[in-house]
Amino acid sequence: MNPLTNPTAQGVDAVLIYIFGVSLLLLLGITVATIYFVIKYRRSKYPEPTSEAHGSLWLEAVWTLLPTLIVLTMFWYGWTHYLGLRDVPAGAFEVKANGRMWSWQFQYENGRTSNKLYVPTGKPIKVKLTSSDVIHSFFMPGFRIKRDAVPGMESYVWFQAPETGSYDIFCAEYCGTGHADMITTAEVLSAEDFERWYEKSAAATGVARGRELLEEHGCLGCHSFDGSNSIAPTFGKLKGLEREISHEGLEQKIIVDAEYLRRAIRAPGADLVEDFPPIMPAYGDEISETDLDEIINYLLEGESKPLIDGNKLIEENGCLGCHSTDGSKLIGPSFKGLGGRSSEVKRDGQELKLKVGADYLRRAIRNPGHEIVADYPAIMPAYDHLSDEEIEAIVEELLKK
Ligand code: CUA
């Protein structure tokens, strides 16, 4: 098979273009003929019917057979290409994809797991679909493939990526609150890069194994590390936390420890945390005992603050070239004593005084031209390549200076 083709997309597109093209031709032909007859045989010219014909076997046979043939070619063409979507080429690389509220998890034959689908370019990939809770739908628009992931049933799709790159994967079946967040990507790597990724042991990534496991199992889709409680309780500062739970309908206070976390992962329905809906699925065999220990250990002992180093970012982005930290005036205002300082700025040509806080700093980094500090030139570039998390880490550090 030619590695530079995208067989599933090409097959589906060919059928679509054929059916659409035939329909378009018919639409145009019928519309033009209708308009022609309406004008030619208008009543002012022919007040009475002029034809004496009462039937034509030949004409009736043609307009019955021709459309039947056209529709049959559409069926035949669509059916053969549909079989192309179901017949996986021999030697395909197999990956399991499991859908659950609300993330995808991919599992490879060598035991590696990930939350993005990593595949090599130019090779047929068979994705085996399952679900651990409700019906999800695995949708990769770039390859024109979509198939439901149904609990208790295994189905599959296959595709082949012509070139390296990142391709969207969505869930296309409404599956609850987090449905719209069930987004990930297929990362198509060159054969060598893929081999390297595939063989790489977790230890070589430099990321704590526990953290990696939390990502792989999609925990961070619902739980944050930054203290914000969105769908589920945050993972931030868990150790020794006093928490109100309801156990078999009885309210109790517990201290978060390893034993509690183990229950909360294996049997989340047993102790429900106050104010959160009981939606977490139980994690059984898919997390081994050793992995569970890693996770618990990380939750209790790992960094429970954002992993991004704000000070390092401030240095790396060259902020200190224009801003001092000792109060001296350089090209830009000093960082010293920023938090709570009042600052005169010009916004849309109007002068105003404002207090420096997190909101102001976020704006000043993302869009520095919007509010210009009095007595300073408007030369700071917008730092919009920074992620939200990075900006938060920087702002947090700036407010401390
Ligand atoms: Cu899963 Cu929508």
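Keep in mind that what you see is a predicted model, and the values were worked out from it rather than measured.

## Comments concerning the overall build of the chain
The number of helices and strands found in the chain is 9 helices and 16 strands. Computed over C-alpha atoms, the radius of gyration of the chain comes to 31 Å, more than 25% over the 21 Å expected from 2.2 N^0.38 for 401 residues, which places it beyond the range of a compact globule. The contacts in the chain between residues at least 6 apart in sequence include a share of 58% that link residues at least 24 apart. Carbon together with sulfur atoms contributes 58% to the accessible area of the chain, which is approximately 23600 Å² in total. Distance between charge centres in the chain, computed from 40 positive and 57 negative side chains, equals 5 Å.

## Quick notes on the sheet that holds strand β1 (residues 93-100)
The strand order across the open sheet built from 5 strands is β3-β2-β1-β5-β8, with neighbouring strands paired in mixed fashion. Each end of this open sheet is capped by a strand with a single partner; those strands are β3 (113-114) and β8 (155-159). Strand direction decides the pairing type here: β1 and strand β5 (residues 125-131), joined by 7 bridges, are parallel. In the strand pairing of β5, Glu 94 is matched with Lys 126.

## Some remarks on the pattern of salt bridges
Enumeration according to the criterion identifies 15 salt bridges in this entry. Note that Arg 362 is salt-bridged to Glu 392, the shortest N-O span being 2.7 Å. Highlighted residues: Arg 362 in helix α8 (residues 358-366) and Glu 392 in helix α9 (residues 388-400), separated in sequence by 30 residues. For Arg 362, a relative accessible area of 28% corresponds to the partly exposed category. Of the residues examined, Glu 392 reaches a relative accessible area of 34% and is grouped as partly exposed. One salt bridge connects Glu 371 with Arg 363, and the closest N-O pair in it is separated by 3.0 Å. Taken together, the shared-partner salt bridges in this structure form one network comprising Glu 259, Arg 263 and Asp 271.

## As for helix α4 (residues 209-216)
For an α-helix the count is 3.6 residues per turn, leaving residues at separations of three or four pointing the same way. Along α4, 6 of the 8 residues are buried, which leaves the element largely enclosed by surrounding structure. Taken together, the buried positions of α4 are Gly 210, Arg 211, Glu 212, Leu 213, Leu 214 and Glu 216. Buried residues in α4 make contact with β1, β2 (103-108), β3 and α6 (289-301). Immediately beyond the C-terminal end of α4, within one or two residues, lies Gly 218, with a positive phi of roughly 75 degrees.

## A word on the state of the cysteines
One pass over the structure, following the stated rule, counts 0 disulfides. Its sulfur unpaired, Cys 219 is 8.9 Å from the next cysteine sulfur, which belongs to Cys 222.

## Some points on the sheet that holds strand β7 (residues 145-149)
Within the open sheet, the 5 strands sit side by side as β4-β10-β9-β6-β7. Their pairing is mixed. On the outer flanks of this sheet lie β4 (117-120) and β7, each paired with one strand and no other. Within this sheet the neighbouring strands show an average axis-to-axis angle of 25 degrees, counted without direction. As defined by bridge partners, β4 adjoins strand β10 (residues 184-189) across 4 bridges and the pair is classed as parallel. By the bridge assignment, Leu 117 is partnered in β10 with Ala 186. Contacts from helix α3 (residues 191-199) reach β4 and β10 within the one sheet, and its direction differs from that of β4 by about 135 degrees.

## What about α6?
The end-to-end C-alpha distance of α6, which contains 13 residues, comes to 18 Å, matching closely the 18 Å that a straight helix rising 1.5 Å per residue would cover. Buried positions along α6 lie against α4 and α5 (258-266).

## Some details on the packing of aromatic side chains
Each aromatic ring pair is characterised by the separation of its centres together with the angle its planes make. Considering all chains together, one arrives at 20 aromatic pairs under this definition. Judged by centre distance (6.4 Å) and plane angle (10 degrees), the rings of Phe 75 and Trp 79 are stacked. Highlighted residues: Phe 75 and Trp 79, both in helix α2 (residues 57-86), separated by 4 residues, approximately one helical turn. Ring geometry for Phe 93 against Tyr 198: centres 5.6 Å apart, planes inclined by 75 degrees, an arrangement best described as edge-to-face. You can see Phe 93 sitting in strand β1 and its partner Tyr 198 sitting in helix α3, a full 105 residues away along the chain. Tyr 198 gets classed as buried once you look at its relative accessible area, which sits at 11%. Among the aromatic side chains, those forming a connected cluster through ring pairs are Phe 93, Tyr 108, Tyr 118, Phe 194, Trp 197 and Tyr 198. The side chain of Lys 146 reaches across the aromatic face of Phe 139, ending 4.9 Å from its centre.

About the cut-offs
- Residues numbered from 1 in each chain as written.
- Predicted model: local features only at pLDDT ≥ 70, side-chain atom pairs only at ≥ 80, totals over all residues.
- Heavy atoms only, no water.
- Helix = DSSP H or I, 4+ residues; strand = E, 2+ residues; numbered from the N terminus.
- Rg over C-alpha atoms; globule rule 2.2 N^0.38 Å.
- Contact = heavy atoms within 4.5 Å.
- Areas by Shrake-Rupley, 256 points an atom, 1.4 Å probe, with all protein chains shown as cover.
- Lys, Arg positive; Asp, Glu negative; His and termini not counted.
- Charge placed at Lys NZ, Arg CZ, Asp CG, Glu CD.
- Pairing = 2+ DSSP bridges.
- Salt bridge = Lys/Arg side-chain N within 4 Å of Asp/Glu carboxyl O.
- Buried < 20%, exposed > 50% of the residue type's maximum accessible area, 1.4 Å probe, protein only.
- Disulfide = S-S within 2.5 Å.
- Axes fitted to C-alpha atoms, helices over the stretch in contact; angles between N-to-C directions.
- Expected span 1.5 Å × (residues − 1).
- Phe/Tyr/Trp six-rings, centres within 6.5 Å; stacked < 30°, edge-to-face > 60°.
- Lys NZ or Arg CZ within 6 Å of the ring centre and 35° of its normal.

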